[in-house]
Every structure is written in C-alpha cells, then in structure tokens.
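Report on the structure
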Amino acid sequence: MERWALVSGLQGDLDLYEQIQKELKQQRGVANLFVLGDLIGSQRKCNALLERLRQPKRADLQPDCIYGWWEEQLLAECGYRGERKAEALRAEQGEAAVGELLAAVDADHLNWLASLQFGFIELDCALIHGSSADVGDRLTEDTSALVLLDRLTRLDVNRLFTARCRRQFRLELSGGSIQSHVKDHAGEQQSEQAVPKRSVIGIGGGRHYTLYDPATDHIEFRIAGGPSNASGRGFG
Amino acid sequence: MNHAVISCLHANLAAVEAVLDDIDSQGIQTTTCLGDLVGYGPQPNEVVELVRQREIPSCQGCWDEDIIDGLNACECSYPSQLAERRGHRAHHWTADLLTEENKAFLAELPMTLRRDKLLFVHGSPNSQHEYLLPDMNAFAALERVETAGAETLFCGHTHQPYVRELRQGSIRVKVQQRDQGAPTEQELELPMRRIVNAGSVGEPRHGSTKATYVIHNDDTGEVTIREVDYNVAKTCRAIVDAGLPEVFAWRLSHGFEYAERAEDASHVCER
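Residues numbered from 1 in each chain as written. Chains lettered and ligands numbered in written order. Predicted model: local features only at pLDDT ≥ 70, side-chain atom pairs only at ≥ 80, totals over all residues.

Concerning the overall build of chain B
Basically, it comes down to this: Under the scheme used here, helices are H or I runs from DSSP no shorter than 4 residues and strands are E runs no shorter than 2 residues, and both carry numbers assigned from the N terminus. Radius of gyration means the value over C-alpha atoms here, while the globule rule gives 2.2 Å times the residue count to the 0.38 power. Working definition of a contact: two residues with C-beta atoms, positioned from the backbone, lying within 7 Å.
Each helix and strand in chain B was counted, giving eight helices and ten strands. Its C-alpha radius of gyration of 20 Å places chain B within 12% of the 18 Å reference for a compact globule of 271 residues. Taken over the C-alpha atoms alone, chain B extends approximately 75 × 45 × 35 Å along its principal axes. Excluding contacts between residues fewer than 6 apart, the proportion of contacts in chain B whose partners are at least 24 apart in sequence is 75%.

As for the packing of helix H7 (residues 232-242) of chain B against helix H8 (residues 246-254) of chain B
All names here are of chain B. Selection rule: For helices, the axis comes from a line fit to the C-alpha atoms of the stretch in contact; other axes are also lines fit to C-alpha atoms, and the angle between any two N-to-C directions lies between 0 and 180 degrees. These descriptions rest on fixed angle ranges, namely under 35 degrees for roughly parallel, over 145 for roughly antiparallel, 65 to 115 for roughly perpendicular, and the rest for oblique. In this classification, Asp, Glu, Lys and Arg are treated as charged, Ala, Val, Leu, Ile, Met, Phe, Trp, Tyr, Cys and Pro as nonpolar, and every other residue, Gly included, as polar.
Between H7 and H8, whose axes approach to 8 Å, the crossing angle comes to 170°. Here H7 lies roughly antiparallel to H8, going by the angle between them. The residues of H8 that touch H7, namely those facing Val232, Thr235, Cys236, Ile239 and Val240, are Glu246, Phe248, Ala249, Leu252 and Ser253. Residue classes in the contact of H7 with H8 are distributed as seven nonpolar, two polar and one charged.

Here's the deal with the confidence of the model for chain B
Residue and element names in this part refer to chain B. Rules: One number per residue, pLDDT, summarises how confident the predictor is, and it ranges from 0 to 100.
Of all residues in chain B, 90% have pLDDT values of 70 or greater, and the mean over the chain is 89. In the model, residues 267-271 has pLDDT below 50 throughout and makes 13 contacts with residues more than four positions away in sequence or in other chains. Here the prediction assigns the complex a pTM of 0.86, and the interface score ipTM is 0.89.

Digging into the interface of chain A and chain B
The following threshold applies: Here a strand pair is declared whenever DSSP counts at least two bridges between the two strands.
Residue-level contacts link 30 residues of chain A with 32 residues of chain B. The element best represented in the side of chain A that touches chain B is strand S7 (residues 168-184) of chain A, accounting for 17 residues. The residue inventory of the side of chain A that touches chain B, partitioned by class, reads twelve nonpolar, eleven polar and seven charged. Alignment of S7(A) against strand S6 (residues 162-177) of chain B, held across 14 bridges, turns out to be antiparallel. Bridging across to S6(B), Ser177(A) finds its partner in Ser170(B).

Some thoughts on unusual backbone geometry
All names here are of chain A. Put simply, the test is: Any residue with 12 or fewer other C-beta atoms within 10 Å of its own C-beta is exposed, any with 20 or more is buried, and the rest are partly exposed; the C-beta atoms used are placed from the backbone.
The residue aspartate 38 is not glycine, and still its phi comes out positive at about 55°. Within the element layout of this structure, aspartate 38 appears in the loop between strand S2 (30-36) and helix H2 (47-54). For aspartate 217, which is not glycine, the phi dihedral falls at a positive 65°. Following the sequence through the fold, aspartate 217 ends up in the loop between strand S10 (208-213) and strand S11 (218-223). C-beta crowding within 10 Å serves as the criterion here: with 14 such atoms nearby, aspartate 217 is assigned to the partly exposed category.

Here's the deal with helix H3 (residues 69-77) of chain A
Buried within H3(A) we find Trp69(A), Trp70(A), Glu71(A), Glu72(A), Gln73(A) and Leu74(A). In the segment just after H3(A), Gly79(A) is the residue with positive phi, at about 90°.

Here we look at the nonpolar core
Which entries qualify depends on this criterion: Joined through C-beta atoms within 7 Å, a set of buried Ala, Val, Leu, Ile, Met, Phe, Trp, Tyr and Cys residues constitutes a nonpolar core.
Of all hydrophobic cores here, the largest spans 125 residues; its most connected members are Leu6(A), Leu36(A) and Phe161(A). The element that contributes the greatest number of residues to this core is helix H1 (residues 13-25) of chain B, accounting for seven residues. The residues contacting Leu6(A), other than those within four sequence positions of it, are Phe34(A), Leu36(A), Leu127(A), Phe161(A), Ile203(A), Tyr209(A), Thr210(A) and Tyr212(A).

A closer look at the packing of helix H3 (residues 62-69) of chain B against helix H5 (residues 100-107) of chain B
All names here are of chain B. Rules: We call a crossing left-handed when the near helix sits turned anticlockwise from the far one by less than a right angle, and right-handed when that turn is clockwise.
Across the interface, H3 lies against H5 with an axial gap of 9 Å and an inter-helix angle of 120°. Classed by the angle they form, the pair H3 and H5 counts as oblique. Between H3 and H5 lies a crossing whose hand is left-handed. Residue-level contacts link Asp64, Ile67 and Ile68 of H3 to Lys103, Leu106 and Ala107 of H5. A per-class count over the contact of H3 with H5 returns four nonpolar, no polar and two charged.

Structure below.
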C-alpha cells in the first residue's frame, strides 16, 4: 500500500512547501499528501502558497487540505462563522496579529479556505488539525489518556493524527479497563469495558512532518531540509 | 441532608405540582432543576412561574435556550422530519405564549450549577443537546465528569432516570517521541465518578407514565429514583385543547420509551 505524507503549519511558507515536495519525490511509495491545516499565518504573505496548493504544478504530489486554527481565525474574522470573530487570536496574540493575518491573505482565497473540510477519515484513521472536539484542541503526549480516548471515541477511529500542538509523537493506548454499574427502574447492570488499542499521533508542524504507511502502521517522523532527514526515526 | 433534583418539566403543570408535593412530603428543603421548563406541554407560563415563585435554582435546558435564541437544534436532533415539524410547532406555540418576563427568566438561566463536587447540567457539561445515555461508552462518560472537575454529575435530557457509577478504571499508554529512544510506558488510574440522570417530570420516557426525579443524600451519596403518579389525563386534555400536536398527549398517556429521541443519541448539534 502507498504511504501518506502528513504536513501542517506551513503558514504561507512556499519555500518550505517546495522543499517538502522535493523530499517526497525522493521517497518511495508516497502517494498521498495531506495538509492538516495552518496553511496560513500572520507572519508572511500567504498568497503564493495558497495559489500553489489550489493549482499544483504538474510534478507536485497533489495536496489534500483541511482547515486549521489559523484558517478558523481568519474565516471567523471575515464573517464566515456567524457572529464569532477571531477572539482566540486576539486573546493569544493581540489586535495587531488579527490585522496582520487579514493582510497576509487576499480576499479571493477566502471562499476556497471556507470550502475546506474539518478533517478526513481515511481507512480507520482520522486526519484532523486539532481534535474531534475542536480545531483548536491541542492534543499532546502529555494530554490525559482519558481525554485522548474520548477524542478517538467521538470519531470511532483507531488512529487520530493531530497537528495543532506541532509536536511529533505516537501515543498508544495499550491496555486497561473500567467497570460500569447502572441502576435504573429496570434493575441493576454491571459491565466491564476494555481500553481499545488505539493511537494518537502528533505529526509535527512547519519543517516537522510525518510519513505513514497504513499497511504496516509504520510511522516516520521527518524534518524538512534537516540533517536528521537521513535518519528519520521510524516506529513500527 | 437530602436534596431533590428535577429535570425536563416540559410545561406539564400537573406533573410538576405532583412532584413538588412529593418532595415537600419528605421534608426536603433543597431542590435543583436541570432545565427544559418549557416545550411540548400546555402550561409554559404556569410552570416557569411556579419555579420562579419557589426559587428553585435551575440550569438552562435545550428547549429554554431555543425559545430564547431561536431554533438552534438541527433536524438530526429529531428521529424524523415529521417529529421535527411537531417540535417546531410546539416551539412556535410556546414562544408566542410565553410572557416577556418569563422569557427573560429563561434567558438568564446558567448552563451549569455547581455545589462543591456536584455539577448540575441539562445534557452534558459540553452541550445542552448532548445525551448521556446509560449505555454510553464508559470512558467517554467518565471524561465528561472528570473534565468538568466534578465527582457526581447530575443531568437530564434523555428523560430516562438512572444512576451510573464508573469505577476501577485504568488506561495504560505507550509513548514514543521523535527524539527519544525506547518508548515510555505509564498507567493512569482513573477516579471513581458518578452520573445521575434525573429523568423527566413532565415527559417521562422510561416506559411508564409516572413523573420521575431523584433524591440525593449529600452525606451518604445514596441516590433514590422516585416515580410519582399525577393526573396524566388532565395534561393530555390541556394539550389537545391548546391545539398542540395530539401525538404529545398520546405518548404522555402511554409513557413510550423511545418517543422523539434522536436516532444518533451521541450527536451534538452544532448549527
């Protein structure tokens, strides 16, 4: 089966995107490129990257994009999210960052950004920017296992790939159980539920990206243009 | 000390009066309401005024919210389009009849009430529209209680009363990070938590026509599910006289278990 490349947090950096495209061409068997949000950001003009994503070059691995936290902020500020505005961005980085974000993306990209999906379900995997609860949900290897299991359960998937925290990790739920005792008008029932074997994978952000082989469940964490590329760590 | 928790009154005055009488007859001084004071039933103003007059602390239910904010639930909250149309008819009827004062009262109800480690909500801590059914995934159910920082979560919305104890839980995890060598393993011991669903006073769906509510003892933690007889026929007549969909009276008089429940009970409306 063909491998997937999982990228996020490009934030308008076309040079980085081209570097990743170049490296993916050198990889064997990478057939799908998923860009898990944060295509845009406030730090640079994002139009060139957006144009490239919307109209890839013939040699490019065709990108499948979803929206991320930055797109959510821009779309909210531009009236695509009802009465909500970019309050999270305002609270986190101040009013100036909102202005910079608006200036970083031309208005003719807004409808395309608004058409992007929240996430993809591929095979038994969810590919999402944040989590099944919210695009801004920051799942890490330190997040409570109970919360991670909930986020997996909401989508009924075995693997959840997340990008929001920009870290690279694989966390496997490897065992455990819980007892449930219910009393209602019909009587009492006792049951035990085992923890399903499921994983949450942080794919990284920016230069950090991930390769995944769904056939073998093998994960490889990589850094674009970095010296560690030659020894990208794989986890089977 | 005992306190009573009531939910889903649904403008059924006869049922609310019978339940409050039952609570009074046991000398219980504290009652908490989990919302849905209105909707489906024929006496929305009377029920809201009774709750106000008795100064019963209440959360805002999904019907209370929708009456104030406009229809907020999407069609998938109903099991069929027919049920949705009936629900919308009841919504408009209720919105037209409610006084501005009573609407203002509903508008100011909080989403949650908290007393020490007891949390009171209508649906779940996440949403007034989320159903916490007794067979919901046990880990997900525990997550709702634990993330909200409660030890016991009181909810309604399903119209089915139950007490669920989640205990002796654990989750083992194996973590591999990019820059680390061997993966690390750890085990999370989960705390014991409870979910208490108060059922419904005004529109029971637990297989009986009796109104339901719960009594909780703060000292022992004991929970009693109460069933109370009331004049069902009187409310049914009022529903028909008011011009509300007759099926509301029909299902009240039969106590049907699955009437008007969403097909996907875990669905959370985001419209």
